[in-house]
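Listed below, chain by chain, are the residues.
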Amino acid sequence: MKPTLLLLAAGMGSRYGGLKQLDGLGPNGETIMDYSIYDAIQAGFGKIVFVIRKDFEEQFREQILSKYEGSIPAELVFQSLDALPEGFAVPEGRQKPWGTNHAVMMAAEVIKEPFCVINCDDFYNRDAFMVIGKYLADLPEGAKNQYAMVGFRVGNTLSENGTVARGVCSKNEEGNLTTVVERTEIVRCAEDGSNPGAPNEEIRFKDEEGKWIALEENTPVSMNMWGFTPDYFQYSVDYFKEFLADPKNMTNLKAEFFIPLMVNKLINEKTASVKVLDTTSKWFGVTYAADRPGTVDRIKSLVEDGTYPEKLF
């Protein structure tokens, strides 16, 4: 069975300053997710599912969904604050979405096959889709608890315009993920954090004590490109109930149910394994508005060298 691509497109785009999922960056107004979908088709994916907010459904259908007709089957599902298990209610004053793993849960009714999860505002490049597509397609029918993550080399994922957040990964001798630690400030800089963005500096992250810790260039990091089988949905429902039952997550109006939180639990309990798949792909994207011109130029170069046609769909 061909795998499905699940695209998380419900984010607010606060750091970028708008709905960057709908920003046309290609020569004919293509969005970053258009290139992801094109690459996924080349890699053998058979269906796409978008998680979006209900309030921009009409714009999304007109501007985005219509262009894929005839190329690949597509579906929409919606993430909302009140999409909670029975017995739970949205805390008063909460406005922030419940996080990436909550978004994944919204697709449980429409995905019955192995699937890959990605962000819509990250340009992953084709090798990453080929790597995860092959892994998912090669799983035996009915496979469970054998997940995967594309581990990008951290040096291939930085922005020239500020710090980035990445899930820094560790793996065991079998190549399976052991931990994902979210680091919210990663940048090339000096030992004291000065000279940020300089190409001759080491890659560092700021730890909980405010110290800048060096990272090797090829350290695998999560760019939220995961491979799961449908059993993952039930694990997520069960753990989300635990998450919501914890008073600190209900009183903290910004607490989020992230994918790495769910994955770490399954790994620690030895319920599932997560293979770390290496890729040579160089990530780029629009974390900041200042990233946009460089992203437009890089896409233009990929079109000019024949990697992509000038018009995708």
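See the structure above.
Rules used in this analysis
- Residues numbered from 1 in each chain as written.
- Predicted model: local features only at pLDDT ≥ 70, side-chain atom pairs only at ≥ 80, totals over all residues.
- Heavy atoms only, no water.
- Helix = DSSP H or I, 4+ residues; strand = E, 2+ residues; numbered from the N terminus.
- Expected span 1.5 Å × (residues − 1).
- Buried < 20%, exposed > 50% of the residue type's maximum accessible area, 1.4 Å probe, protein only.
- Contact = heavy atoms within 4.5 Å.
- Core = buried A, V, L, I, M, F, W, Y, C linked by side-chain atoms within 4.5 Å.
- Pairing = 2+ DSSP bridges.
- Polar contact = N/O pair within 3.5 Å; in protein donor to acceptor, adjacent residues only side chain to side chain.
- Salt bridge = Lys/Arg side-chain N within 4 Å of Asp/Glu carboxyl O.
- Axes fitted to C-alpha atoms, helices over the stretch in contact; angles between N-to-C directions.
- Parallel < 35°, antiparallel > 145°, perpendicular 65-115°, else oblique.
- Nonpolar A, V, L, I, M, F, W, Y, C, P; charged D, E, K, R; others polar.

Caption draft 1: A look at helix α5 (residues 231-245). In a regular helix each residue adds 1.5 Å, so 15 residues correspond to 21 Å; α5 covers 22 Å between its end C-alpha atoms and thus fits that length. Considered for burial, the residues of α5 that qualify are Asp231, Tyr232, Phe233, Ser236, Tyr239, Phe240, Phe243 and Leu244. Buried residues along α5 sit in contact with α3 (100-105), β4 (115-119), β6 (146-153), β11 (220-228), α6 (247-251) and α7 (259-268).

Caption draft 2: Seen up close, the nonpolar core. Counting 46 residues, the largest nonpolar core has Leu5, Phe50, Phe60 and Met225 as its most contacted members. If you tally residues by element for this core, the top one is helix α4 (residues 126-137), at 5 residues. Ignoring sequence-local partners within four residues, the contact set of phenylalanine 60 consists of Ala9, Leu22, Met33, Phe50, Ile52, Leu65 and Leu76. Core analysis: the second largest hydrophobic core is formed by 40 residues, Trp98, Val117, Met262 and Ile267 among them.

Caption draft 3: How the structure looks around the pairing of strand β10 (residues 212-215). Taken together, the 4 bridges between strand β9 (residues 202-206) and β10 define a ladder with antiparallel strand orientation. Across the sheet, the residue bridging to isoleucine 203 is leucine 215, located in β10. From the end of β9 to the start of β10, which pair antiparallel, there are 5 residues, and glycine 210 there has a positive phi angle of about 85°.

Caption draft 4: Molecular detail of the environment of tryptophan 226. Among the structural elements, tryptophan 226 can be located in strand β11. Overall, tryptophan 226 belongs to the buried group, its relative accessible area being 0%. Separated by 77 residues in the primary sequence, tryptophan 226 and methionine 149 have C-alpha atoms spaced 4.5 Å apart. Residue contacts for tryptophan 226: discarding those within four places in its chain leaves Phe115, Cys116, Val117, Ile132, Ala148, Met149, Leu177, Val180, Ile259, Pro260, Val263 and Val274. At 3.0 Å, the side chain of tryptophan 226 and the side chain of asparagine 224 are in polar contact.

Caption draft 5: Local environment of the pattern of salt bridges. Tallied over the entire structure, the rule returns 18 salt bridges. Here aspartate 39 ties to arginine 126 by a salt bridge, and the two come within 2.7 Å at their closest N and O atoms. Taken together, the positions of aspartate 39 in helix α1 (residues 32-42) and arginine 126 in helix α4 put the pair 87 residues apart, joining distant regions of the chain. The exposure class of aspartate 39 is buried, given its relative accessible area of 1%. Salt-bridge contacts for arginine 188 lead to glutamate 217; the nearest nitrogen and oxygen are separated by 2.7 Å. Of the two residues, arginine 188 sits in strand β8 (residues 177-189) while glutamate 217 sits in the loop between β10 and β11, which places them 29 residues apart along the sequence. By relative accessible area, which is 38% here, glutamate 217 ends up partly exposed. Connected through shared salt-bridge partners, Lys47, Glu75 and Glu113 make up one network.

Caption draft 6: Local environment of α7. In terms of residue burial, α7 counts as a mostly covered element, since 8 of its 10 residues are buried. Turning to α7, its buried residues number three or more, namely Ile259, Pro260, Met262, Val263, Asn264, Lys265, Leu266 and Ile267. Positive phi appears at lysine 270, one or two residues downstream of α7, with a value of about 60°.

Caption draft 7: Spotlight on the environment of leucine 302. Relative to the elements of secondary structure, leucine 302 occurs in helix α8 (residues 292-304). We classify leucine 302 as buried; its relative accessible area is 15%. In contact with leucine 302, other than residues within four places in its own chain, are Phe123, Asn125, Phe284, Thr307 and Tyr308.

Caption draft 8: Molecular detail of the packing of α5 against α7. The contact between α5 and α7 brings their axes to 11 Å, and the two run at 100°. Our classification of the angle between α5 and α7 gives roughly perpendicular. Between α5 and α7, the residues in contact are Tyr232, Tyr235, Ser236, Tyr239, Glu242 and Phe243 and Ile259, Leu261, Met262, Val263, Lys265 and Leu266, respectively. Its residues placed into classes, the contact of α5 with α7 shows 9 nonpolar, 1 polar and 2 charged.

Caption draft 9: How the structure looks around the side chain of lysine 47. Along the chain, the position of lysine 47 falls in strand β2 (residues 47-52). Lysine 47 gets classed as buried once you look at its relative accessible area, which sits at 15%. Polar contacts involving the side chain of lysine 47 include one to the main-chain carbonyl oxygen of valine 110, which spans 2.6 Å. Beyond its immediate stretch of four places on either side in the chain, lysine 47 contacts Pro3, Thr4, Leu5, Ile72, Pro73, Glu75, Val110, Ile111 and Glu113.

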